[in-house]
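# Coordinate inspection notes
Listed below, chain by chain, are the residues.
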Amino acid sequence: MTKTWIAAAVLLAAIAPAEAGITHEAWGGLNGKGVDLFILTNARGMEARITNYGAVITAIRVPGRDGSKADVVQGFDSLADYTGPDYKGRYGAVIGRFANRIKDNSFKIGDITYRISRDPYTLKGTENRPYDERVWDAEPKDGNEPQLILRLTDRNGTMGYPGTVKVEVTYTLTRNNVLRIAYHARSDKDTIFNLTNHAYFNMAGDTSGSVLDQLLTVNADMITAVDDKNVPTGEMRAVAGTAFDFRQPTPVGTHINDPDPYIQRAGGFDHNFALRGKPGQMHLAARLQDPKSGRMLEEWTTQPGLQVYSANYQGPTAALAKGYAVHTAVALEAQGFPNAPNIPSFPSTLLPRDTSYDEVTEYRFKVAP
């Protein structure tokens, strides 16, 4: 066998179409329920790894300009990494029942005031926990555009929220290198509801280091003004002429140390951008591009807001072991506005009884020329 023949075989293997579909492997168990890792692959060889613990995206592998693939999402290799005693950060998880901040952990529906608490939980039990700490029921669907459907029941009173909510999250990997997340829910009482995914992106690769040189574009003219606890007040602040102006491609790190009190208090970016586009219809939220590899994420959504978080704090032991440090990724969380239940002028996050919550976010992966 000649070296030329071997080289040709390797090249053909690299460019040969992959087999689309979904497979899974056992990942252990928690609270008497099995946890699996599902691997979705399309014919182009893009791969997304998702577990039914927390509906977590653990990895997304996409090609760069030279054809080489990299994992562009920070994540971990075992269930134990996500359940360790110092775990924090909610890497790649679906966040619910209400993503982001609510002032004083309190809101009203009609004449009733509800008070919520993440820990300790209002009700005790393995199912009375936030969505990122739950084992979801999983239904894989094979095919050219494989799907993973995840379901859970969020009981009335969990963490203080009213209503029993049936929740369904569907991940679809399309033939065009799009990972689509479709959120669906119904409640038997009026409640508030707001889901997002907390994936951390680094388009050079999850262990490549700082993300500060990568180019971020956010399709927004305004951010929600916040108080000293980073909770929206109801006022809006124009991004023009500020550190938050990402309307044109801008390195993430250009203004990350600016003296703006919002930046200083958060240690970087951790703010909600009011997206252009009509809520409920698909519109561009953001782009994140690594100039060196050419890998680019385009995020589209039906949601009105985008929380941009520049990984401002040290992660858990599992993150440190992989070299995930401060500012080595960016989370782009499409969602309803934080504190919307207390701000009538914000797009409503009320989910009335027996009506459907339906939102979609797409991660569209491309290669810049």
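Residues numbered from 1 in each chain as written. Predicted model: local features only at pLDDT ≥ 70, side-chain atom pairs only at ≥ 80, totals over all residues. Heavy atoms only, no water.

### Here's the deal with the packing of aromatic side chains
Following the criterion strictly, the structure yields 21 aromatic pairs and no others. Measuring from ring centre to ring centre gives 5.2 Å for Phe76 and Tyr82, while their planes differ by 65 degrees; the resulting arrangement is edge-to-face. Tyr82 gets classed as buried once you look at its relative accessible area, which sits at 3%. On the numbers, 5.9 Å between centres and 90 degrees between planes, the contact of Tyr131 with Trp136 is edge-to-face. Taken together, the aromatic side chains of Trp27, Phe76, Tyr82, Tyr87, Tyr91, Tyr200, Tyr309 and Tyr324 make up a single cluster linked through ring pairs. If you follow Arg237 out to its NZ or CZ, it ends over the ring of Tyr262, 4.6 Å from the centre. (Phe/Tyr/Trp six-rings, centres within 6.5 Å; stacked < 30°, edge-to-face > 60°. Buried < 20%, exposed > 50% of the residue type's maximum accessible area, 1.4 Å probe, protein only. Lys NZ or Arg CZ within 6 Å of the ring centre and 35° of its normal.)

### What to know about the environment of Asp221
Among the structural elements, Asp221 can be located in strand β17 (residues 220–226). Linking Asp221 and His24, residues 197 residues apart in sequence, is a C-alpha distance of 42 Å. Those residues in contact with Asp221 that lie beyond four places of it in its chain are Arg237, Ala238, Val239, Arg247, Ala274 and Arg276. A polar contact of 2.9 Å, which involves the side chain of Asp221, links it to the side chain of Arg276. (Helix = DSSP H or I, 4+ residues; strand = E, 2+ residues; numbered from the N terminus. Contact = heavy atoms within 4.5 Å. Polar contact = N/O pair within 3.5 Å; in protein donor to acceptor, adjacent residues only side chain to side chain.)

### A look at the sheet that holds strand β21 (residues 283–289)
Read from one edge to the other, the open sheet built from 9 strands follows the order β9-β10-β11-β12-β26-β22-β21-β16-β19, with strand pairing classed as antiparallel. The open sheet terminates on both sides in strands that have one partner only, identified here as β9 (137–141) and β19 (250–251). With 9 bridges connecting them, strand β11 (residues 165–173) and strand β12 (residues 178–187) associate as antiparallel partners. From the neighbouring strand, Tyr171 faces β12, where its bridge partner is Ile181. (Pairing = 2+ DSSP bridges.)

### Looking at the pairing of strand β18 (residues 232–238)
As judged from the 4 bridges shared by β17 and β18, these two strands associate in the antiparallel manner. Residue pairing for β18: Met222 is matched across the bridge by Ala238. Hairpin connection between β17 and β18: a loop of 5 residues separates the two successive antiparallel strands, and Asn230 in this loop has a positive phi of roughly 65 degrees.

### Points about the pairing of β17
In terms of burial, β17 is a largely internal element, 5 of the 7 residues being buried. Where β17 lies against strand β20 (residues 270–275), 3 bridges are found, and the strand directions are antiparallel. From the neighbouring strand, Ala220 faces β20, where its bridge partner is Leu275.

### Concerning the pattern of salt bridges
Counted by the stated rule, this structure contains 21 salt bridges. Residue Glu362 pairs with Arg180 through a salt bridge whose shortest N-O separation is 2.7 Å. With Glu362 in strand β26 (residues 356–367) and Arg180 in strand β12, this residue pair connects regions lying 182 residues apart in the sequence. Given the relative accessible area of 8%, Glu362 is considered buried. A cluster of three or more residues bridged by salt bridges with shared partners is formed by Asp221, Asp245, Arg247 and Arg276. (Salt bridge = Lys/Arg side-chain N within 4 Å of Asp/Glu carboxyl O.)

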